[in-house]
Amino acid sequence: MTRIFMGGPEMVRVLASIEIEVPSEHIPSRLEAELMPFGKAFFLEAAPDWTGSLDLKNAEAMKIVES
């Protein structure tokens, strides 16, 4: 995690944009885990709480937020 955060906003954007679907550990379904994009699963389930500010003027950041 330290290496990821050392990569700064660019690294976070790259990780958040990975669309490969992986099973969610926190969203169960009746028979198997719900699939979600890796970027969402990583930040919602694996990464520690994010602290900082969101640059609302950054187009790349806003695309990720909107997805």
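Below is a short write-up of the structure. (Residues numbered from 1 in each chain as written. Predicted model: local features only at pLDDT ≥ 70, side-chain atom pairs only at ≥ 80, totals over all residues. Heavy atoms only, no water.)

1. Focus on the overall build of the chain
Part 1: Helix and strand counts for the chain stand at four helices and two strands.
Part 2: Traced from its N-terminal end to its C-terminal end, the chain shows the element sequence α-α-β-β-α-α.
Part 3: Across the 67 residues that make up the chain, the buried fraction comes to 22%.
Part 4: Across the chain, every contact between residues at least 6 apart in sequence was considered, and the portion connecting residues at least 24 apart equals 29%.
Part 5: Summed over its atoms, the accessible surface of the chain is roughly 5500 Å², and 59% of this surface lies on carbon and sulfur atoms. (Helix = DSSP H or I, 4+ residues; strand = E, 2+ residues; numbered from the N terminus. Buried < 20%, exposed > 50% of the residue type's maximum accessible area, 1.4 Å probe, protein only. Contact = heavy atoms within 4.5 Å. Areas by Shrake-Rupley, 256 points an atom, 1.4 Å probe, with all protein chains shown as cover.)

2. Remarks on the environment of Ser 24
Part 1: Within the secondary structure, Ser 24 sits in strand S1 (residues 21-28).
Part 2: For Ser 24, a relative accessible area of 5% translates into the label buried.
Part 3: Residues Ser 24 and Phe 38 lie 14 residues apart in sequence; the distance between their C-alpha atoms is 9.0 Å.
Part 4: Dropping the residues within four chain positions of it, Ser 24 is found in contact with Ala 33, Glu 34, Met 36 and Glu 45.

3. Some points on the packing of helix H2 (residues 8-16) against helix H3 (residues 38-46)
Part 1: Here H2 crosses H3 at 120°, and the two axes come no closer than 7 Å. Between H2 and H3, the angle is such that the two are oblique. Of H3, the residues touching H2 (which contributes Val 12, Leu 15 and Ala 16) are Phe 38, Gly 39, Phe 42 and Phe 43.
Part 2: Each residue belonging to the contact of H2 with H3 can be placed in one class, and the counts come to six nonpolar, one polar and no charged. (Axes fitted to C-alpha atoms, helices over the stretch in contact; angles between N-to-C directions. Parallel < 35°, antiparallel > 145°, perpendicular 65-115°, else oblique. Nonpolar A, V, L, I, M, F, W, Y, C, P; charged D, E, K, R; others polar.)

4. Examining the environment of Pro 37
Part 1: Tracing the sequence through the fold places Pro 37 in strand S2 (residues 33-37).
Part 2: Other than its neighbours up to four places away in sequence, Pro 37 contacts Ile 18, Glu 19, Ile 20 and Glu 21.

5. Comments concerning the environment of Leu 15
Part 1: With respect to the helices and strands, Leu 15 occurs in helix H2.
Part 2: By relative accessible area, Leu 15 is classed as buried at 13%.
Part 3: For the pair formed by Leu 15 and Gly 39, sequence separation is 24 residues and the distance between their alpha carbons is 5.4 Å.
Part 4: Ignoring any residue separated from it by four or fewer positions in sequence, one finds Leu 15 in contact with Ile 4, Phe 38, Gly 39, Phe 42 and Phe 43.

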